[in-house]
Amino acid sequence: MNVPFLELKPTYDELRAEVDAAYRRVMDSGWYIFGPEITAFEGEYAASVGVHHAIAVANGLEALQLVLMAARVGPGDEVIVPSHTYIATWLAVTHVGATIVPCEPDERTWNIDPKRVASLISPRTRCILPVHLYGQTADVAALRALADPRDILVLEDAAQSQGATAHGIASGALGHAAGVSFYPSKNLGAFGDAGAVTTSDPALADRVRTLRNYGSRERYHHEMPGLNSRLSELQCAFLRAKLPRLSTWNARRRALAAIYRERLAAVPDLVLPEIAPWADPVWHLFVVRTSRREALRAFLAARGIATQIHYPIPPHRSGAYASLGWKPGAFPLAERLAEEVLSLPIGPHHREDQIHAVCDAVRAFYGV
Ligand SMILES: *Cc1c(COP(=O)(O)O)cnc(C)c1O
């Protein structure tokens, strides 16, 4: 059976009437940037996360960068980031001139390990930037217990976790502020690039709002050196059409993840992530670890099952950070994960029989 890794077209098929109406509404309005759609989307998204402010921006990387700029994190400041993450988390930090302090993951959840974070805090630490990787929230409560008494900010990379909760609180509302991506393949995706910052801090929100538009509140008055990170009316209108479906789509992902978890739990050599008792993940990706990754991948591909690797090269080993001089072995857990992780197909429009077919094939590979 053919199982694609993820298909985006079914989200349009499911919402064709709403999306087409959104398109016509914006096109007919004659107003394409900073109009009623962005204002409405920001209100609706903030309400869905449970924060006072959402600021829509051009993409997830700039959302993170703008949060750091707004918090005045810059040269001389240290930011603790996961060693195992997508490179955007690191790029946001280095783009503002701050120093990366990588922290190895918890070996059970693969998210940043608060116990290791504790040993990395220095007088220069300005912020901790956890990532809710693969859709499971990092342990922000433990991070805040370390950070809050020291006036260190906890800023979330919530790009993979729209709708995920910890202790019933949504990702994006767990730290002082968060950056989120609406890249098309994320749990809530636009039809193009898009992102947002969420926070309940009014001063921080105001600075992000100003910084995303050339540092300007009033036309041609530039109070600070900002970016052009505006989000178009069209993308905001599309996101408004999709946002009401997010919880249904996440529920479908959870149902499919439950099949994987049940059927792959006892397969030898296959390691599944542990889910913290307080976490309710949204399964942006379904990732397993195996020492026989390439053979398993090829076996699945021969049966029409598409897989991906998130991510094959840890940021400290990528060309972008060659100048920082981290040697192989500098972050062994991240390096080991990069060698062993395999993402199996999951998405709101996969059928249960497709996921069972993947489980059958994985079990056949291991002969169980
Ligand atoms: C997708 C992603 C980003 C960046 O989002 P873009 O919209 O592609 O800029 C940042 N962090 C993580 C963990 C991501 O998965």
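Note that the structure is predicted; figures quoted are calculated from it, not measured.

Criteria and cut-off values
Residues numbered from 1 in each chain as written. Predicted model: local features only at pLDDT ≥ 70, side-chain atom pairs only at ≥ 80, totals over all residues. Heavy atoms only, no water. Helix = DSSP H or I, 4+ residues; strand = E, 2+ residues; numbered from the N terminus. Rg over C-alpha atoms; globule rule 2.2 N^0.38 Å. Buried < 20%, exposed > 50% of the residue type's maximum accessible area, 1.4 Å probe, protein only. Contact = heavy atoms within 4.5 Å. Areas by Shrake-Rupley, 256 points an atom, 1.4 Å probe, with all protein chains shown as cover. Lys, Arg positive; Asp, Glu negative; His and termini not counted. Charge placed at Lys NZ, Arg CZ, Asp CG, Glu CD. Near = heavy atom within 4 Å. Polar contact = N/O pair within 3.5 Å; in protein donor to acceptor, adjacent residues only side chain to side chain. Nonpolar A, V, L, I, M, F, W, Y, C, P; charged D, E, K, R; others polar. Pairing = 2+ DSSP bridges. Axes fitted to C-alpha atoms, helices over the stretch in contact; angles between N-to-C directions. Salt bridge = Lys/Arg side-chain N within 4 Å of Asp/Glu carboxyl O. Domains from an automatic or database assignment. Buried area = accessible area lost by both parts, 1.4 Å probe.

## Let's talk about the overall build of the protein chain
Within the protein chain, the secondary structure is distributed over 13 helices and 14 strands. Whereas a compact globule of 368 residues would reach a radius of gyration of roughly 21 Å, the protein chain reaches 21 Å, a difference of no more than 12%. In terms of overall dimensions, the protein chain has a C-alpha envelope of 65 × 55 × 35 Å along the principal axes. Per-residue burial over the protein chain gives 55% buried out of 368 residues. Look at the contacts in the protein chain between residues 6 or more apart in sequence, and 70% of them connect residues 24 or more apart. With the model as given, the accessible surface of the protein chain reaches about 15,200 Å², and the carbon-plus-sulfur share is 54%. A distance of 2 Å separates the average location of the 37 positive side-chain charges in the protein chain from that of its 38 negative side-chain charges.

## Concerning the site of the ligand
Taken together, Asn59, Gly60, Leu61, Tyr86, Ala88, Val131, Asp157, Ala159, Gln160, Ser181 and Lys186 make up the full set of residues near the ligand. The contact in question runs from an oxygen atom of the ligand to an N or O atom on the backbone of Leu61, over 2.8 Å. Here the ligand has 380 Å² of accessible area as a free molecule, and 91% of this is covered by the chains. Looking at the shell around the ligand residue by residue, the classes come out as 5 nonpolar, 4 polar and 2 charged.

## Quick look at the sheet that holds strand E7 (residues 169-170)
Strand order in the open sheet formed by 3 strands is E7-E6-E12, with antiparallel pairing between adjacent strands. Looking at strand neighbours, the two that pair on one side only are E7 and strand E12 (279-280), the edges of this open sheet. The sheet contact formed by strand E6 (residues 165-166) and E12 spans 2 bridges and is antiparallel. Directly across from Thr165, in E12, lies its bridge partner Asp280.

## Remarks on helix H5 (residues 87-95)
Considered for burial, the residues of H5 that qualify are Ala88, Thr89, Trp90, Ala92 and Val93. Turning to H5, the residues buried within the fold contact helix H4 (60-70), strand E2 (78-82), strand E3 (99-103) and strand E5 (153-157). Following H5 by one or two positions, Gly97 has its phi on the positive side, about 85 degrees.

## Side note on the sheet that holds strand E9 (residues 195-199)
Reading across the sheet, the 7 strands line up as E1-E9-E8-E5-E4-E2-E3 and stay open at both edges, with mixed pairing between neighbours. Two strands bound the open sheet, and with one partner strand each, they are strand E1 (53-57) and E3. Strand-to-strand, the axes of this sheet are offset by a mean angle of 25 degrees, without reference to chain direction. One ladder, built from 5 bridges, connects E2 with E3; its direction is parallel. In the strand pairing of E3, Ile80 is matched with Val101.

## Re the pattern of salt bridges
Taken as a whole and judged by the stated rule, the model has 21 salt bridges. Between Glu37 and Arg25 there is a salt bridge whose closest N-O contact spans 2.8 Å. With Glu37 in helix H3 (residues 36-49) and Arg25 in helix H2 (residues 16-29), the pair connects residues that are 12 residues apart, well separated along the chain. Given a relative accessible area of 39%, Arg25 falls into the partly exposed group. A salt bridge links Glu37 to Arg240; the nearest nitrogen and oxygen atoms lie 2.9 Å apart. In this pair, Glu37 sits in helix H3 while Arg240 sits in helix H9 (residues 233-242), placing the two residues 203 residues apart along the sequence.

## Observations concerning the domain arrangement of the protein chain
Each assigned domain of the protein chain is listed here: domain 1 (9-242) and domain 2 (245-366). Here domain 1 and domain 2 have C-alpha centroids that lie 24 Å from each other. Buried surface at the junction of domain 1 and domain 2, summed over both partners, amounts to about 3,600 Å²; 63% is from carbon and sulfur atoms. Considering only the surface of domain 1 that becomes buried against domain 2, Trp110, Tyr134 and Asn187 emerge as the three largest contributors, covering 21% of it. At the junction of domain 1 with domain 2, the criterion picks out 2 salt bridges. For Arg245, the salt bridge goes to Glu14, with nearest N and O atoms at 2.6 Å. The tally of links between domain 1 and domain 2 comes to 24 residue pairs in polar contact (both at pLDDT 80 or more). Contributing elements (two or more residues each) for the side of domain 1 that touches domain 2: helix H1 (9-14), H5, E3 and E6. The greatest single-element share of the side of domain 1 that touches domain 2, amounting to 4 residues, is contributed by H5.

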